[in-house]
Amino acid sequence: MKKTILITGGAGFIGSHVVRLFVNKYPDYQIVNGDALTYAGNLENLNDVQDKPNYTFEKVDITDETAINALFEKYAFSGIIHLAAESHVDRSIQDPLTFIRTNVLGTAVLLNAARKYWKDAMDGKRFYHVSTDEVYGSLGEEGFFTEETAYDPRSPYSASKASSDHFVRAYFHTYHLPVVLSNCSNNYGSHHFPEKLIPLAIHNIRNNKPIPVYGTGENVRDWLFVDDHARAIDTIFHNGVTGETYNIGGFNEWKNIDLIRLLCKIMDSKLGREPGTSAQLITFVKDRAGHDQRYAIDASKLNKALGWAPSLQFEEGLEKTVDWYLANQDWLDHVTSGAYKKYYEEQYQQR
Ligand code: NAD
Ligand code: TYD
């Protein structure tokens with residue numbers, strides 16, 4: 001079936017993997033990447049698909065109602081996969097309002113446009129909202145987040161994502177907008193902006209700079225390879241039940257410090273360093289304010305209902321990720337110049 005799909009945030013980390021998957025897998029679909037190209041958006045992420053006939057880029061800010069309405073007029077979208085967001089917890093602590101604007105207002109603008117343009121023809125339409133496990137709050141040693149876990153966001157980032165999830169469900173219940181949602185755990189892989197833990201550590205190890213580990217490094221995250229997230233989004237977009245939420249996770253929990261030690265080991269071997277060399281760069285720094293202790297996703301609903309499962313073991317995925325960064329030093333150099341340097345200095349100078 002011919003579909004025109006708007007993917008928001010397609011120039012970002014996860015969005016670029018979703019755009020690549022859809023453009024290559026569905027030559028009959030017209031894929032429109034709508035992205036404002038903030039510091040996190042980078043069209044270099046999509047060099048390999050930019051000339052495909054079923055791909056178009058539109059520079060658009062999702063908080064700009066006039067521009068979003070014009071985009072709906074121009075393309076008559078049948079589907080939306082909404083990933084555009086401010087996504088970094090530390091930045092949300094520095095500047096919460098930007099997160100409220102993009103993540104809450106931006107999502108509401110998109111919902112409203114979909115409601116307006118699909119009003120008399122909801123059949124065959126789909127509004128897919130991509131969210132995070134961080135909306136569920138923080139776990140102790142035991143237990144997992146399920147789709148029934150009560151929301152308990154604790155950072156400005158997770159609070160803004162939780163709010164956007166509520167608006168998506170409100171549009172389903174109030175206006176019967178055909179929505180579907182997913183909440184995913186921490187992603188890793190290629191094209192990940194080096195303000196997040198794994199790409200930041202790879203970048204610093206390569207350049208013999210300190211690896212900043214917050215607090216004592218005991219916080220736990222559940223890591224999923226980004227291509228597996230993109231595959232889950234494809235599955236849920238096509239087969240998920242309207243109005244439902246699916247948790248996506250890697251069944252792969254790591255303490256930050258153990259993850260960093262594994263990464264150092266892989267980097268030593270890839271860079272031909274003596275075992276133990278990179279680990280000497282580990283530096284414990286001041287903890288993040290309100291740092292969530294543990295995230296762990298129960299992704300069994302998605303597995304049972306739609307047959308999705310992660311495809312890679314963590315060590316294998318991490319090695320692939322390191323290989324990509326070492327082979328794409330230009331990409332890292334481009335994204336770590338200018339504004340990134342200023343952010344890095346401000347973020348880590350007081351730690
Ligand atoms: P990212 O920060 O790498 O990319 C975000 C993209 O959105 C960028 O291309 C940016 O230019 C664009 N954008 C930001 N503000 C915009 C605006 N106002 N209008 C239009 N475009 C705008 O983020 P990511 O890590 O790829 O995350 C994508 C989505 O997945 C987010 O909604 C995030 O909450 C969710 N998510 C991320 C993770 C993760 O581990 N990274 C895990 C679960 C869910
Ligand atoms: P991050 O990649 O920012 O993802 P999130 O906060 O959304 O989970 O951080 C992952 C974990 O790593 C988190 O517990 C915070 C920690 N962390 C550090 O220890 N040092 C760092 O420099 C960064 C960016 C994160």
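Residues numbered from 1 in each chain as written. Chains lettered and ligands numbered in written order. Predicted model: local features only at pLDDT ≥ 70, side-chain atom pairs only at ≥ 80, totals over all residues. Heavy atoms only, no water.

**Considering the overall build of the chain**
Our working definition: Starting at the N terminus, helices and strands are each numbered in turn, a helix being any DSSP run of H or I of at least four residues and a strand any DSSP run of E of at least two. In this setup the radius of gyration rests on C-alpha atoms only. A globule is expected at 2.2 Å times the number of residues raised to 0.38. We call a residue buried when its accessible area falls under 20% of the maximum for its residue type, exposed when it is over 50%, and partly exposed in between, using a 1.4 Å probe and counting protein chains only. For this analysis, residues touch if any pair of their heavy atoms sits within 4.5 Å. Areas reported as accessible are Shrake-Rupley estimates using a 1.4 Å probe. Residue values count occlusion only from the protein chains shown. This count recognises Lys and Arg as positive and Asp and Glu as negative, with His and chain-terminal groups excluded. Every charge is mapped to an atom, namely NZ of Lys, CZ of Arg, CG of Asp or CD of Glu.
Secondary structure assignment for the chain yields 12 helices and 12 strands. Taking 2.2 N^0.38 as the reference for a compact globule, 351 residues should give roughly 20 Å; the C-alpha atoms of the chain span a radius of gyration of 20 Å, in line with that estimate. With the C-alpha coordinates aligned to their principal axes, the bounding extent of the chain is approximately 65 × 45 × 40 Å. Of all 351 residues assigned to the chain, the portion counted as buried reaches 57%. Contacts spanning at least 24 positions in sequence make up 82% of the contacts within the chain whose residues lie at least 6 apart. Here the chain displays about 14800 Å² of accessible surface, and carbon together with sulfur accounts for 50% of that area. Where the 36 positive side-chain charges of the chain centre and where its 45 negative ones centre are 2 Å apart.

**Regarding the nonpolar core**
Counted only if it meets this: Definition of nonpolar core: a set of buried residues of the types Ala, Val, Leu, Ile, Met, Phe, Trp, Tyr and Cys, connected through side-chain atoms within 4.5 Å.
Core analysis: the largest hydrophobic core is formed by 40 residues, its most contacted members being Ile7, Phe22, Ile81, Tyr128 and Ile248. Within the residue set of this core, elements represented by two or more residues are β1 (4–8), α1 (13–25), β5 (126–132), β6 (179–184), α7 (226–239) and β10 (245–248). Those residues in contact with Ile81 that sit more than four places away from it in its chain are Ile5, Leu6, Ile7, Thr8, Phe22, Tyr128, Val130, Ile233 and Phe237. If you look at the next biggest cluster of nonpolar residues, it comprises 36 residues, including Ile202, Ile257, Ile260 and Val285.

**Overview of the domain arrangement of the chain**
This is how the line gets drawn: For every domain, the bounds stem from an assignment made automatically or drawn from a database. Here's the idea: put two parts together, see how much 1.4 Å probe accessible area each one loses, and the total over both is what we call buried area. Should a side-chain nitrogen of Lys or Arg be within 4 Å of a carboxyl oxygen of Asp or Glu, the pair is scored as a salt bridge. Polar contact criterion, stated in full: a pair of N or O atoms within 3.5 Å, where within protein one must be able to donate a hydrogen and the other to accept it, and residues adjacent in sequence count only if both atoms are side-chain atoms.
Domains assigned within the chain are domain 1 (4–188 + 223–248) and domain 2 (197–220 + 255–287 + 314–347). Relative placement of domain 1 and domain 2: their C-alpha centres are 28 Å apart. Here domain 1 packs against domain 2, burying approximately 1100 Å² in sum over the two surfaces, 55% of which is carbon and sulfur. Applying the counting rule to domain 1 against domain 2 returns zero salt bridges. Summed over the shared surface of domain 1 and domain 2, the result is four residue pairs in polar contact (both at pLDDT 80 or more).

**Here's the deal with the site of ligand 1**
Here is the rule: Residues are classed as near a molecule or strand on a simple rule: at least one heavy atom within 4 Å of it.
Not every one of the 28 residues close to ligand 1 is listed here, only the nearest: Ile14, Asp35, Ser87, Tyr157 and Lys161. In the environment of ligand 1, an oxygen atom lies 2.7 Å from a nitrogen or oxygen atom belonging to the backbone of Ile14. In the environment of ligand 1, a nitrogen atom lies 3.4 Å from a nitrogen or oxygen atom belonging to the side chain of Thr102. When isolated, ligand 1 has an accessible area of 840 Å², and the protein chains bury 96% of it. If you list the elements that add at least two residues to the shell around ligand 1, you get α1, β5, α5 (156–175) and β7 (186–188).

**Brief notes about the environment of His88**
Take His88: it is sitting in the loop between β4 (79–82) and α3 (89–94). The buried category is assigned to His88, whose relative accessible area is 3%. His88 has contacts with Tyr39, Phe99, Glu195, Lys196, Arg288 and Tyr343, leaving out every residue within four places of it along the chain.

**Overview of the side chain of Thr4**
Secondary-structure assignment places Thr4 in strand β1. What Thr4 contacts, discounting residues up to four positions off in sequence, is Gln30, Val32, Tyr75, Ala76, Phe77, Ser78 and Gly79.

**Describing the packing of aromatic side chains**
Short version of the rule: Two rings from Phe, Tyr or Trp (for Trp, the six-membered ring) form a pair when their centres are within 6.5 Å of each other. A pair whose planes differ by under 30 degrees is stacked, one over 60 is edge-to-face, and the rest are tilted. Only Lys NZ and Arg CZ are tested; either one counts as a charge over a ring when it is within 6 Å of the ring centre and within 35 degrees of the ring normal.
Scanning the entire structure with this criterion turns up 19 aromatic pairs. Considering the side-chain rings of Phe99 and Tyr157, the 6.3 Å spacing of their centres and the 80° angle between planes classify their relative orientation as edge-to-face. Of this pair, Phe99 sits in helix α4 (residues 96–118) while Tyr157 sits in helix α5, and the two are 58 residues apart along the sequence. Of the residues examined, Phe99 reaches a relative accessible area of 2% and is grouped as buried. Residues Tyr325 and Trp331 carry aromatic rings whose centres are separated by 6.1 Å and whose planes lie at 75° to one another, so their mutual orientation is edge-to-face. Taking relative accessible area as the criterion, Trp331 reaches 6% and is therefore assigned buried. The structure contains a cluster of three or more aromatic residues connected by ring pairs, namely Phe22, Tyr26, Tyr29 and Phe237. Residue placement shows Arg115 over the ring face of Tyr175; its charged tip is 4.0 Å from the ring centre. Across from the ring centre of Phe144, 5.8 Å away, lies the NZ or CZ of Arg294, which sits over that ring.

**What to know about the site of ligand 2**
Taken together, 17 residues form the shell around ligand 2, and within it Glu134, Arg221, Arg288, His291 and Tyr348 come nearest. At 2.6 Å from an oxygen atom of ligand 2 is found a side-chain nitrogen or oxygen belonging to Glu134. Taking His291, its side chain carries an N or O atom lying 2.7 Å from an oxygen atom of ligand 2. Relative to its unbound accessible surface of 520 Å², ligand 2 loses 97% to contact with the protein. Ranked by residue count, the leading element in the shell around ligand 2 is strand β8 (residues 211–214), at three residues.

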